[in-house]
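Structure assessment
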Amino acid sequence: MRKKVFHIILAVLLVVVGVVLLLSNLNIISLEMKLSWVNIYPVIFIILGLKIWMDAILKQGGSWIFGSFLTIFGGLLFLDRLDVFGFSFSQVWQLWPLLFIYIGFSIFLGRSNKKYIFEYDSGTSHSRGRNKSKRMFVGDHSFNQDNWKVEPMSLWNGVGDYKFDFTRAFIPDEDTPIAVRGWVGDVKVIIPKHVPFRVEAVIKVGDIKVVGHNAEGVNRTLQYETEDYALATRRLTFQIDLGIGDIKVVQV
């Protein structure tokens with residue numbers, strides 16, 4: 001199977017090289033490029049993206065979304081090096097419409113009807129129990145039922161919001177880690193004042209508000225912990241990482 005993947009990647013690269021050479025011979029593009037890191041790393045992105053993409057297609061792991069994104073991103077950078085048109089590394093955010101394309105393709109491929117495009121729920125060993133892991137491409141998470149049980153969690157979402165209401169939860173007498181990651185969405189956390197907690201929040205574009213501490217703008221981080229967090233046995237530990245959105249943590 002790996003040989004098959006290698007052959008597919010090699011075939012694609014040969015096609016790409018052939019097209020580039022053909023365009024060069026027709027004087028459509030120029031191949032006057034210096035052998036430098038600036039010109040090499042786009043090719044690395046393309047090769048790595050194709051490998052991840054092919055692994056996903058052949059069900060050998062990988063991700064067709066991440067693989068195709070790297071391939072497209074690397075291809076645009078490579079075309080910039082060939083002086084076809086201008087595109088720089090810092091313009092990566094201009095590719096955000098790809099998100100809608102990925103959502104559309106996922107729906108078109110029939111990976112969802114009334115539910116989310118894809119999701120799984122698995123348990124991995126944890127020092128104090130099971131660590132619940134869930135991934136969704138589109139959808140919202142809500143944890144606000146009466147007496148819902150707080151457990152270690154690792155959540156990822158492409159597009160969607162998270163809402164945690166710990167005033168209505170059963171919080172065990174232990175350190176409970178909760179990791180929340182996503183591309184686009186909002187995260188709102190409501191915590192009782194008597195529960196110690198720590199938050200490490202990162203957002204690329206948006207606002208972070210944690211009990212009166214704010215961070216706004218681009219590529220923002222904020223770390224906060226309550227005074228009694230270090231010595232507490234019953235506490236919550238959050239790691240929140242978003243691309244675009246808002247993060248808000250309040251005490252009531």
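Up top is the structure these notes are about.
1. Structural notes on the overall build of the protein
The helix and strand inventory of the protein stands at 4 helices and 11 strands. Residues classed as buried in the protein amount to 39% of the 252 residues present. The contacts in the protein between residues at least 6 apart in sequence include a share of 57% that link residues at least 24 apart.

2. Quick notes on the packing of aromatic side chains
One pass over the full model with this rule turns up 10 aromatic pairs. Geometrically, the ring pair formed by F69 and F73 is stacked, given 6.0 Å between the ring centres and 20° between the ring planes. One end of the pair, F69, and the other, F73, are both in helix 3 (residues 64-81), 4 residues apart, so they sit about a helical turn from each other. On the basis of relative accessibility, which here comes to 23%, the residue F69 falls in the partly exposed class. Residues F166 and F238 carry aromatic rings whose centres are separated by 5.6 Å and whose planes lie at 70° to one another, so their mutual orientation is edge-to-face. One end of the pair, F166, is in the loop between strand 6 (162-165) and strand 7 (169-170); the other, F238, is in strand 11 (residues 235-251), with 72 residues separating them in the sequence.

3. Quick look at the nonpolar core
Buried together is how nonpolar side chains tend to be arranged in soluble globular proteins. Ranked by size, the top nonpolar core spans 31 residues in total, and within it F164, F166, F197 and F238 carry the most contacts. Contributions of two or more residues to this core are made by strand 5 (153-159), strand 6, strand 8 (175-191), strand 9 (197-210), strand 10 (213-225) and strand 11. Excluding residues within four positions of it along the chain, F197 makes contact with I191, V210, V211, Y224, E225, T226, Y229, L236, F238, V249 and Q251. Counting 10 residues, the second-largest nonpolar core is a separate cluster that includes F73, L76, L98 and Y102.

4. Let's talk about the pattern of salt bridges
Using the criterion set out here, one finds 4 salt bridges in the structure. Residue D175 pairs with R235 through a salt bridge whose shortest N-O separation is 3.6 Å. Of the two residues, D175 sits in strand 8 while R235 sits in strand 11, which places them 60 residues apart along the sequence. Taking relative accessible area as the criterion, D175 reaches 19% and is therefore assigned buried. Notably, a salt bridge pairs E200 with R198, separated by 2.8 Å at the nearest N-O pair.

Conventions we followed
- Residues numbered from 1 in each chain as written.
- Predicted model: local features only at pLDDT ≥ 70, side-chain atom pairs only at ≥ 80, totals over all residues.
- Heavy atoms only, no water.
- Helix = DSSP H or I, 4+ residues; strand = E, 2+ residues; numbered from the N terminus.
- Buried < 20%, exposed > 50% of the residue type's maximum accessible area, 1.4 Å probe, protein only.
- Contact = heavy atoms within 4.5 Å.
- Phe/Tyr/Trp six-rings, centres within 6.5 Å; stacked < 30°, edge-to-face > 60°.
- Core = buried A, V, L, I, M, F, W, Y, C linked by side-chain atoms within 4.5 Å.
- Salt bridge = Lys/Arg side-chain N within 4 Å of Asp/Glu carboxyl O.

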